[in-house]
Amino acid sequence: VSPMKLKNAKSLICDLLQNSEDIRCKCICPPYRDIEGQIYKQNVSLKDCNCLHVVEPMPVDGKDVEAYCLRCECKFEERSSATIKVTIIMYLSILGLLLLYMVYLTLLEPMLKRRLFGHSQLIQSDDDVGDQQPFANAHNVLSHSHSRPNMLNKVEHAQQRWRRQVQEQRKSVFDRHVVLS
């Protein structure tokens, strides 16, 4: 196998692996005489990233080509579409998980708590609304349950403590007109 054939095979494999949209040359040419400014883009290699290879069709003839090309600014751009795709998939996955969690919190959790604690514990009188949380005794019931793991009990306890603090702050601000520090 000759070195030339090996080099050609390597370049062919690199070209196949590299997405043609991942590399490009972008030339920005300002107005020249009666020709408007233009932006030209071509999928070319780094060595061919110049006005002569990218600007097609050439808007000027003959000796004006060199003067026109000197005014153009050409930049080689490279990006990784695989990285972009992976990032978008991760972003959409996280967004989907958050949406599922929101559905769980708004729809499924109240239904599960009604079944678990019974409907009678959730009913409140009109004067109790705002004074107590509907699930204030949830921690007591769950802490006696041996089937739930210890970590979930800790999370439930922290959630109940936070709810009580928020309720106390509401009472202080709206009833007593005192802001907690």
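That block above? That's the structure.
Quick look at the structure, then. Since the model is a prediction, treat every value here as computed from it, not as a measurement.

## What to know about the sheet that holds strand β2 (residues 38–42)
Taken in spatial order, the 3 strands line up as β2-β1-β3 in an open sheet, and their pairing is antiparallel. Lying at the two open borders of the sheet, with one neighbouring strand each, are β2 and β3 (73–78). Strand-to-strand twist across the sheet, computed as the mean angle between neighbouring axes with direction ignored, equals 20 degrees. Relative to β2, strand β1 (residues 23–29) runs antiparallel, the two sharing 5 bridges. Bridging from a neighbouring strand, C25 pairs with Q42 of β2.

## Here's the deal with unusual backbone geometry
For the peptide bond that leads from E56 to P57, omega is -10 degrees, which places it in the cis range. Here P57 lies in the loop between α2 (51–54) and α3 (64–71). One non-glycine residue, R33, adopts positive backbone phi at about 55 degrees. With respect to the element layout, R33 can be found in the loop between β1 and β2. You can call R33 exposed: its relative accessible area is 67%.

## Observations regarding the pattern of salt bridges
Overall, the coordinates contain 4 salt bridges when judged by the stated rule. Here R33 ties to D64 by a salt bridge, and the two come within 3.0 Å at their closest N and O atoms. Pair noted here: R33 is in the loop between β1 and β2 and D64 is in helix α3, with a separation of 31 residues, a long-range link.

## Section: the packing of aromatic side chains
Tallied over the entire structure, the rule returns 2 aromatic pairs. Ring plane angle 70 degrees and centroid distance 5.7 Å describe the contact between Y32 and Y68, whose orientation is recorded as edge-to-face. Remark: Y68 occurs in helix α3 and Y32 occurs in the loop between β1 and β2; sequence separation between them is 36 residues. Residue classification places Y32 among the buried residues on the basis of a relative accessible area of 8%. Residue Y68 is classed as buried on the basis of its relative accessible area of 1%.

## Things to note about the pairing of β1
Of the two faces of β1, only the one carrying I23, C25, C27 and C29 is buried; R24, K26 and I28 on the other face are not. By the bridge criterion, 6 bridges tie β1 to β3 in an arrangement that is antiparallel. By the bridge assignment, I23 is partnered in β3 with E78.

## Observations regarding helix α6 (residues 150–175)
Helical geometry: 3.6 residues make up each α-helical turn, so side chains three or four residues apart lie on a common side. For α6, built from 26 residues, the straight-helix expectation of 38 Å at 1.5 Å per residue is met to within 8% by its first-to-last C-alpha distance of 37 Å. What α6 keeps buried is the set N153, E156, Q160, R163, Q167 and S172. H177 sits one or two residues past α6 and shows a positive phi near 55 degrees.

## Here's the deal with the state of the cysteines
Tallied over the entire structure, the rule returns 4 disulfides. Disulfide pairing places C29 opposite C72 at an S-S distance of 2.0 Å. Note on the C29 and C72 pair: the S-S dihedral is about 115 degrees, so by sign convention the disulfide is right-handed. Of this pair, C29 sits in strand β1 while C72 sits in the loop between α3 and β3, placing them 43 residues apart in sequence.

Cut-offs applied
- Residues numbered from 1 in each chain as written.
- Predicted model: local features only at pLDDT ≥ 70, side-chain atom pairs only at ≥ 80, totals over all residues.
- Heavy atoms only, no water.
- Pairing = 2+ DSSP bridges.
- Helix = DSSP H or I, 4+ residues; strand = E, 2+ residues; numbered from the N terminus.
- Axes fitted to C-alpha atoms, helices over the stretch in contact; angles between N-to-C directions.
- Buried < 20%, exposed > 50% of the residue type's maximum accessible area, 1.4 Å probe, protein only.
- Salt bridge = Lys/Arg side-chain N within 4 Å of Asp/Glu carboxyl O.
- Phe/Tyr/Trp six-rings, centres within 6.5 Å; stacked < 30°, edge-to-face > 60°.
- Expected span 1.5 Å × (residues − 1).
- Disulfide = S-S within 2.5 Å.

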